[in-house]
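# Observations on the model geometry
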Amino acid sequence: MSCSAGERDLHEDRIRLAAQMILDSFQVVALTGAGISVESGIPDFRSPGGLWSRYDPLLYGTYESFIHHPERFWEMARELNPLLEGAEPNPAHYALAELEKLGKCRAVITQNIDHLHQRAGSTEVLELHGTHRTGHCMSCGRVFTLEEMKELSAGGERVAYCPQAQALIKPDVVFFGEPLDSRVLARAAELASTSDLMLVIGCSLEVYPAAALPEYTKRRGGRLIFFNTVSTCHDQLADLVCLGRAGENLPAVVEAYKKLAGIR
Ligand code: NAD
């Protein structure tokens, strides 16, 4: 991205301001969406050319569609699973893990199912939309690993059924129309309500109930910083918007924070 000297100065001011807001805060929490993993090679769903432009979410992403047409899910998984498995954490994931080590990120609340925050070293990770790494039998409840699901679905070529109960195996990802794990959601709401700063990274804030969490922080007098490549229609909620790639801006903010805090 080419920009003028004025724009660059403004951008650097925003990075410094974000670092100052972290320094001034007592309880910082992060909320991450698909955008944080785009630089790891996993496309988001909503951006132009994203998965939802090829797979209609109503046909491929709802609980109803999974029950009635599970083959559609496995067709999509055939494309998505190799990307999820081949992905490595990027500098944005590592920056959040470093903030946690510095005592400046109490938890990462993520909408992602890719496990990249944990792999980067974050230890307090709340997976609002579940994980792609396990599944369970919808009849007997037996848990299956990703390897087992891959084998039973022949790499996504057919629907995976439980060998014992002969019932559908449902991956532990949350489909549209399916409730979120109530304990995970309650903990996320508690963290959002008791933090005085939330870093909202790579989120379109179009998917509820995750999209409501920044409002919990705001209502209690907390502040919000949005990190996104584009402006969103929710930007008026934010105290600061840092436009650009998360993999560049997050590490820059953490470096600026360390400088301000006198950490080498
Ligand atoms: P989303 O609603 O969180 O939107 C992604 C946002 O990230 C967009 O606003 C986009 O402008 C922004 N973005 C893109 N690249 C970025 C970058 N490099 N830096 C900063 N921001 C960037 O996500 P979605 O695509 O609508 O997906 C919906 C749901 O599907 C997610 O909440 C998640 O549950 C699931 N999903 C998960 C993954 C994953 O695990 N990596 C990937 C795609 C979708």
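The present account deals with the structure reproduced in this document. Bear in mind the structure is a predicted one, so any value in this text is a computation, not a measurement. (Residues numbered from 1 in each chain as written. Predicted model: local features only at pLDDT ≥ 70, side-chain atom pairs only at ≥ 80, totals over all residues. Heavy atoms only, no water.)

### Focus: the overall build of the protein chain
In terms of helices and strands, the protein chain carries eleven helices and nine strands. Along the first, second and third principal axes, the C-alpha atoms of the protein chain reach 60 × 40 × 35 Å. Counting across all 264 residues of the protein chain, residues that qualify as buried make up 49%. Within the protein chain, contacts between residues at least 6 apart in sequence are counted, and of these 67% link residues at least 24 apart. With the model as given, the accessible surface of the protein chain reaches about 12,800 Å², and the carbon-plus-sulfur share is 53%. If you average the places of the 26 positive and of the 34 negative side-chain charges in the protein chain, the two averages end up 4 Å apart. (Helix = DSSP H or I, 4+ residues; strand = E, 2+ residues; numbered from the N terminus. Buried < 20%, exposed > 50% of the residue type's maximum accessible area, 1.4 Å probe, protein only. Contact = heavy atoms within 4.5 Å. Areas by Shrake-Rupley, 256 points an atom, 1.4 Å probe, with all protein chains shown as cover. Lys, Arg positive; Asp, Glu negative; His and termini not counted. Charge placed at Lys NZ, Arg CZ, Asp CG, Glu CD.)

### Here's the deal with helix 6 (residues 91-101)
Considered for burial, the residues of helix 6 that qualify are Ala92, His93, Ala95, Leu96, Ala97, Leu99 and Glu100. Buried residues belonging to helix 6 abut helix 1 (5-24), strand 1 (28-32), strand 2 (107-110), helix 7 (116-120), strand 7 (197-201) and helix 11 (246-261). The N-cap residue of helix 6 is asparagine 90: its side-chain oxygen and the backbone nitrogen of alanine 92 are 2.7 Å apart. Glycine 103 sits one or two positions beyond helix 6 and adopts a positive phi of about 80°. (Polar contact = N/O pair within 3.5 Å; in protein donor to acceptor, adjacent residues only side chain to side chain.)

### With respect to the packing of aromatic side chains
As enumerated under the stated definition, the model contains five aromatic pairs in all. Taken together, a centroid distance of 4.9 Å and an interplanar angle of 70° make the contact between tyrosine 55 and tyrosine 60 edge-to-face. For the residue pair tyrosine 55 and tyrosine 60, the accessibility class agrees, reading buried in each case. For the pair phenylalanine 73 and tryptophan 74, a centre-to-centre distance of 5.1 Å together with 85° between the ring planes defines the contact as edge-to-face. Each member of the pair, phenylalanine 73 as well as tryptophan 74, is classed as buried. Each member of the aromatic cluster is reached from another via a ring pair, and the members are Phe66, Phe73, Trp74 and Phe175. (Phe/Tyr/Trp six-rings, centres within 6.5 Å; stacked < 30°, edge-to-face > 60°.)

### Quick look at the site of the ligand
In the vicinity of the ligand there are 26 residues, among which Phe45, Arg46, Gln111, His129 and Ser204 approach most closely. At 3.1 Å from an oxygen atom of the ligand is found a main-chain nitrogen or oxygen belonging to glycine 202. Relative to its unbound accessible area of 850 Å², the ligand is 93% covered by the protein chains. Residues that form the shell around the ligand fall into these classes: nine nonpolar, twelve polar and five charged. (Near = heavy atom within 4 Å. Nonpolar A, V, L, I, M, F, W, Y, C, P; charged D, E, K, R; others polar.)

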